[in-house]
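Reading the structure
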Amino acid sequence: MGQDADMTVRDFDAGAWIDQLAAALVQLERVQEPYLQSYQQQRPRKLVIVNGKDETPFPLDDLRMVYSSARYSVRFGQEAEYARLRSVLDPTRHILLYHPELERVAVTGRNVGENNFWLRMLTSGTSISAGDLIAGLMARAAELSGDRFRVAVGELNALLLPEWEKPGDLSGKLDAGCDALLFFGLTVSERIDVEAGMAILPFREFRRFIERELLDELAPPGAGTNDWRSLGAVVRPFRWRPRFRREGSINEPSRHPGDEFFVDALTMLDLIAVSHEVPVVPLACMSNCIDVSAARLLGQSRFSAGVRSKWVADGFSGFSEMPMVRSAGVDEALEAFRNRRSARYEQMARFAARLAEALSRTGRFAMQDKIVDVAVTLEGMYELPRRRKSYELQKRVASFLGTDAIDQERIKETVRSFYQARNEIVHGGSGVAAPFRKEAAFVAGFSLARKSLFRLIREGRPEDWKI
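In this report, the structure presented in the accompanying data block is examined. Computed from a predicted structure; not experimentally measured.

Time to look at the pattern of salt bridges. Counting across every chain of the model gives 37 salt bridges. Close ionic contact of R236 with D179 constitutes a salt bridge, the shortest N to O distance being 3.0 Å. Placement of the pair is R236 in strand β8 (residues 231-239) and D179 in strand β5 (residues 176-184), with a sequence separation of 57 residues. A residue is classified by how much of its surface remains accessible, and R236, at 22% relative accessible area, is partly exposed.

Okay, here's the thing in structure tokens:
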């Protein structure tokens, strides 16, 4: 910033500006109501009813049109009709544009007039007016309680602050954004810190970053009945702020996150599914997610995150609440994830992915496919020779996982029973084994595969397997 800009910022009293603008908005809300009602009578809105509750969003776009009609009322011969609204709206715009970040870009300064400027938000830009920002303040205030207008104006001031004036705490702030992998299958109750720049959030903390329409599209049917608790998100957080200019272009440089985070997030999802022995399915990789309230505050009825990939959760129902995350399972997955750059992990990566896929299989032959997945995984992890696979697998798994002679014999018997189920499927048997026998074989085989996977990532393969 230059010297003149520094002086403007120093002379600006943010507290006084917030108080004045909040008081003006209180008065404007009362005056605008009949104009908004008249507009909506001519253009009825569609109500959004969810679980018997009215969740129809604030009519932000309608209010923007009402303000625009007032703004151009003289041009279209409606000056008398909108005189009362203009008498309150124009002073409110004058106060809003006194903020130095807006005053420097508004085309006609603080005088009553066009007041158009360019708003850039991460990946998109648009021309807006002071009236659009005032409508955004109204929409944000409708979400709040207490001294709601003062809170909303304070939030706008925080978004407008230059970067060097930003407070360090991002918790709950509207300048928080993230890239995210949305998933279904586990109930996450608390934030899980994976590593610097990556965390797993319970859905209640991620909810503010996703529009309801996109959520309905991605989540399995019925997931909302459990308040979306069976959803979570692996996130990479970042800070952002809107950029205001006199003019702009939609072709301006945008934030384009690389693929490395999403590859790592899918890896983490595989490991946490295997460690919990439950299906955890990805729903979407999304970039540039921002708080939907921040978009509304800036006069935008929606700001869509970039959906880079999405999956269909076929065969899954959201009506049953999924298992809770367990600390032991998280620790196991985190230890393996933090070793993902090692040679040991690279040898095991494909087996982790296959086990995670096995858990998520659905359809008529899902259990047979699951058993084959586990068998192929065990054979690969234990580097079995071409012949005597069952015998060699029993010996290697027992010696690797068994704690004593009795435990080793128990493991050998488990492997033997599992391989009988595998052979029934692979080698042309009748395939009509009782479903509970197949499921029992899968559960027992998967447990051995899970224990083997995480120990092999931690310790590597014994030398005496190579024959």
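Take the sheet that holds strand β7 (residues 198-202) next. Reading across from one edge, β6-β7-β8-β5-β10-β11 is the order of the six strands in this open sheet, with antiparallel pairing throughout. This sheet does not close on itself; its edge strands, each paired only once, are β6 (192-195) and β11 (306-310). Between one strand axis and the next, the sheet turns through 20° on average, direction left out of account. Pairing analysis gives three bridges linking β6 to β7, with the strands arranged antiparallel. By the bridge assignment, I192 is partnered in β7 with I200. Strands β5, β6, β7, β8, β10 (281-290) and β11 of the sheet are contacted by helix α10 (residues 260-276), whose axis makes an angle of about 40° with β5. Running at roughly 15° to β6, helix α12 (residues 327-337) makes contact with β6 and β7 of the sheet.

Our focus in this paragraph is unusual backbone geometry. One non-glycine residue, D227, lies in the positive phi region at around 60°. Inspection of the secondary structure assignment puts D227 in the loop between α9 (212-218) and β8. With a relative accessible area of 53%, D227 lands in the exposed category. For E277, which is not a glycine, the phi torsion comes out positive at approximately 55°. Structurally, E277 is set in the loop between α10 and β10. A relative accessible area of 29% means that E277 is categorised as partly exposed.

With that settled, consider the packing of helix α15 (residues 389-401) against helix α16 (residues 405-426). At their nearest, the axes of α15 and α16 sit 8 Å apart, and the two run at 145° to each other. You can see that α15 and α16 cross each other, and the crossing is right-handed. Note on element contacts: α16 touches α15 through D407, Q408, I411, K412, V415, R416 and Y419, opposite K389, S390, L393, Q394, K395, V397, A398, S399 and L401. Its residues assigned to classes, the contact of α15 with α16 comprises seven nonpolar, four polar and five charged.

What follows covers the packing of aromatic side chains. The tally for this structure, following the rule as stated, stands at eleven aromatic pairs. Geometrically, the ring pair formed by Y35 and Y82 is stacked, given 5.6 Å between the ring centres and 25° between the ring planes. Within this pair, whereas Y35 is found in helix α2 (residues 14-42), its partner Y82 is found in the loop between α3 (60-71) and α4 (83-96), the two being separated by 47 residues in sequence. Comparing Y35 with Y82, the two get one shared label, buried. Each residue in the set F203, F206, F209 and W228 is aromatic and connected to the rest through ring pairs, giving one cluster.

Further remarks concern the environment of D404. Considering the arrangement of structural elements, one finds D404 in the loop between α15 and α16. At 3.2 Å, the side chain of D404 forms a polar contact with the backbone nitrogen of I406.

Cut-offs applied
Per-chain numbering applies: the sequence of each chain, read as written, is numbered from 1 onward. Since the coordinates come from a predicted model, pLDDT governs what is reported: local features require at least 70, and pairs of side-chain atoms require 80 or more to be given and counted, while whole-chain, interface and lining totals use all residues. Side-chain measures here rest on the full set of heavy atoms in the structure, leaving out hydrogens and waters. Just to be clear on terms, a salt bridge is a Lys or Arg side-chain nitrogen sitting within 4 Å of an Asp or Glu carboxyl oxygen. Every helix listed is a DSSP run of H or I at least four residues long, and every strand listed is a run of E at least two residues long, numbered separately from the N terminus. In this scheme, a residue with accessible area under 20% of its type's maximum is buried, one over 50% is exposed, and one in between is partly exposed, where area comes from a 1.4 Å probe on protein chains only. Only strands joined by at least two bridges in the DSSP assignment are considered to pair. Each axis is a line fitted through C-alpha atoms, and for a helix only the stretch in contact is used; angles between axes span 0 to 180 degrees, taken between their N-to-C directions. Contact between two residues is taken to exist if any of their heavy atoms lie within 4.5 Å; hydrogens are not considered. For any helix crossing, the convention is left-handed if the near helix is rotated counterclockwise from the far helix by under a right angle, and right-handed if that rotation is clockwise. Three classes are used, and their members are as follows: Ala, Val, Leu, Ile, Met, Phe, Trp, Tyr, Cys and Pro are nonpolar, Asp, Glu, Lys and Arg are charged, and the others, Gly among them, are polar. Any pair of Phe, Tyr and Trp rings, taking the six-membered ring for Trp, is counted once the centres come within 6.5 Å. Such a pair is stacked with planes under 30 degrees apart, edge-to-face with planes over 60 apart, and tilted for the rest. Pairs of N or O atoms within 3.5 Å make up the polar contacts considered here, provided that, within protein, one atom can donate a hydrogen while the other can accept it, and that residues adjacent in sequence are counted only when both atoms are side-chain atoms.

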